[in-house]
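# Chains, contacts and geometry: an overview
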Amino acid sequence: MLELAQFGAGRIGRIHASNIAAMKGVRLRYVVDVDAGVAARLAAQHGAKVASEREVFADGAVGAVVIASSTDTHARLAIAAARAGKAIFCEKPVDLSLKRVDECLREVEKAGVPMFVGFNRRFDPSFSQLKARVAAGEIGAVEQVTISSRDPAPPPLAYVKVSGGLFRDMTIHDLDMARWLLGEEPVEVFAFGEALIDRRIAAAGDVDSAMLLLRTASDRMCHINNARRAAYGYDQRIEVFGAKGLLRAENLGASTVEHFSARGTIADRPLDFFLERYAAAYRAELAAFVAALEARQPMPVGARDGRQALVLAEAALRSMKTGKAVRIQ
Amino acid sequence: MIRFALFGAGRIGRMHAENLVRRTDAELAYVVDTKPEAARALAEPLGARQADAAQAMADPAVDAVLIASSTGSHADLSIAAARAGKAIFCEKPVDLTLPRVDACIRAVRKARVPMFVGFNRRFDPHFRALKERLAAGAVGKVEQVIITNRDPGLPDLRFLATSGGLFLDFTVHDFDMARWLLGEEPVEVFAWGAVLVDPRVRTEAGDIDTAMLLLRTASGRLCHIANSRRAVYGYDQRIEVLGAKGMLRAENLPPTTVERFGADATSADNPWPSFQTRYAAAYAAELSSFIKSVERGTRPEVGPEDNRQVLVLAQAALQSIRSGNPVKIKTKG
């Protein structure tokens, strides 16, 4: 039985806790949150105990930690967990600063503990099947990847201000998908960013709409389009074009019911929002983490992936600011 | 009744000729080709006559010319037709160089004849419906446009070597669609090109076969274009427009809607395999638009000025590939 401690009892924390509860071979031992009441409620729900950080790291029975607290605490908690010899499941991003991510990487590698970074989209059943079929050679060599990623509505302005900006906060998922699907590291990034949706986002120094291009050393190309608002729902689509065909994963509706009416045919809008759209992905990523731990296999997505996505996000930001394409070292 | 002289008895010329003779408001009088026997073979079964260029231009009974000859002859024929006072339908592109396009624009303005340039995709019923709904405000203000344009297979390498290159030959259609759908002129272009389909595209034709581009307008509207010279599943022609209130999308068209539900998978028809089949309705509709504008004396829906702007974008894309950075467009009235 693998004993887990979870940091963070907010929205994403609740998802992970209930996924842990539903899994065999793992038990949620502790819940830690800055809000003691929230921690107590979630702990009680799953038969866990509320604990302090120090208690968690001192308890030899804890095999792994799930870090689902606010972004600014991820790196500190991951470093403390590494020093205490715990395996780490960390929500993305590890940190908004590359320097902190590198510190974290050094500590994790020094301690030799496994670390998983929660790029959940890789574990979506449709996207993971798409990737498996690309890898199996179904469409031959990959030539072009197109990723459409649009939120249903902009987040609160207060969140925008601390998010690290569109590229580090939102595009980071797409940059991870791009690396994963291209099958090669991007060596160059170009980005246009605009504030088309809400002028207050521009006033906060951020953009709400973007189009990016990435290129690998062998000239595979990727396009990413982002918007903080899609009136029709959470838009999450992928296409991979290869020498022998195209693989495509479309949006998912809440149901497959279509209404054929006098005015046209009406289908469900795509699932809102990420908690619903990626419910299966959240379950699968945790299962992949636990399976890798048990089998003593390398993590399917780790801290180095988190770092590389951040490198690309920073390159995109520099490209947007300078108006030039940016090469990746 | 508009009487036409057709220049060019090749693949496109034949298609236009067949569309013309189906109409009740138009008549095909002459077919002109550098190979008179080809012109005759096309003309006679359709009740028209073979002629040389001078004859066709000199006949006052000819109201309009349809120029579907090789690209290098478009500008000269357009200028000659303008001087002869004929209305002009010219296949795209008018020319691969700006000075020659400008010479055409001057000639038709001076002669006060209408000139239409065959950017056929604007007349595809699906793209047109999309544009009409966009214009009617169905999705609010345009924010992002995505154009996917992939050929089913690599053309002849000898054709590629004389085509002007991917951007001037192929992406021109997408530049035109981008301008039309963005509703504003692009002011900046960024492009990457590559040879991924066949190395001979570079070694024998000096061209590229794969590209991704981004365009931006002054108010920050964004557009992405994806191109490839080879999509094994057919002629990939799709458009998406994201607006403040939703998205409009036009998908590929299959020849039939039949789907097979098998033990292993569900399968459907591939998209139409060629531009002639995919855009059959568009070719008929563009001719209709031209004829109506000639009859009514209205301005053609798409003219040489549009071709000029598309050429400016294509040249900017080429420059972007060479410099590795985006290129700003100087707007010209």
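Residues numbered from 1 in each chain as written. Chains lettered and ligands numbered in written order. Predicted model: local features only at pLDDT ≥ 70, side-chain atom pairs only at ≥ 80, totals over all residues.

Our next topic: helix α6 (residues 125–135) of chain B. All names here are of chain B. Those residues of α6 not exposed but buried are Phe127, Leu130, Lys131 and Leu134. Down the axis, α6 shows its buried residues gathered within 95° of arc, on one side only. Of the residues in α6, the exposed ones pointing more than 90 degrees away from the buried face are Pro125, Ala129 and Glu132. Buried residues belonging to α6 abut β7 (142–150), α8 (166–182), β11 (236–243) and β12 (246–250). At the C-terminal side of α6, glycine 137 shows a positive phi close to 85°. (Buried ≥ 20, exposed ≤ 12 C-beta atoms within 10 Å, placed from the backbone. Helix = DSSP H or I, 4+ residues; strand = E, 2+ residues; numbered from the N terminus. Arc of directions from axis to C-beta. Contact = placed C-beta atoms within 7 Å.)

Residue and element names in this part refer to chain B. Taken N-terminus to C-terminus, the directions of helix α4 (residues 71–83) and helix α5 (residues 98–111) make an angle of 10°; their axes are 8 Å apart at the nearest point. Classified by the angle their axes make, α4 and α5 are roughly parallel. Touching Ala75, Ser78, Ile79, Ala82 and Arg83 of α4 are Arg100, Ala103, Cys104, Ala107, Val108 and Ala111, all from α5. For the contact of α4 with α5, the residue count by class is eight nonpolar, one polar and two charged. (Axes fitted to C-alpha atoms, helices over the stretch in contact; angles between N-to-C directions. Parallel < 35°, antiparallel > 145°, perpendicular 65-115°, else oblique. Nonpolar A, V, L, I, M, F, W, Y, C, P; charged D, E, K, R; others polar.)

Attention now moves to the confidence of the model for chain B. Across chain B, the average pLDDT comes to 97, with 99% of residues at or above 70. Under the prediction, the complex receives an ipTM of 0.94, its pTM being 0.96. (pLDDT = per-residue confidence, 0-100.)

Residue and element names in this part refer to chain B. Read across the open sheet, the seven strands follow the order β12-β11-β7-β10-β9-β8-β15; overall the sheet is mixed. At either end of the open sheet lies a strand with only one pairing partner, and these are β12 and β15 (327–328). Inspection of the sheet shows strand β8 (residues 186–194) paired to β15 by two bridges, in the antiparallel sense. When the bridges of β15 are listed, glutamate 188 appears paired with lysine 328. (Pairing = 2+ DSSP bridges.)

What follows concerns the domain arrangement of chain A. Residues and elements named next belong to chain A. Along its sequence, chain A is carved into domain 1 (2–113) and domain 2 (122–283 + 300–327). In this assembly, 12 residues from domain 1 lie in contact with 12 residues from domain 2. Residue assignment for the side of domain 1 that touches domain 2 shows that the elements contributing at least two residues are α1 (11–22) and α5 (98–111). No other element matches α5, which puts five residues into the side of domain 1 that touches domain 2. Of the residues in the side of domain 1 that touches domain 2, the class split is nine nonpolar, two polar and one charged. (Domains from an automatic or database assignment.)

Residue and element names in this part refer to chain B. Per the domain assignment, the segments of chain B are domain 1 (2–113) and domain 2 (122–279 + 302–328). If you average the C-alpha positions of domain 1 and of domain 2, the two centres end up 27 Å apart. The interface is formed by 11 residues belonging to domain 1 together with nine residues belonging to domain 2. Ranked by the residues each element gives to the side of domain 1 that touches domain 2, the list is headed by α5, at six residues. Looking at the side of domain 1 that touches domain 2 residue by residue, the class counts come to nine nonpolar, no polar and two charged.

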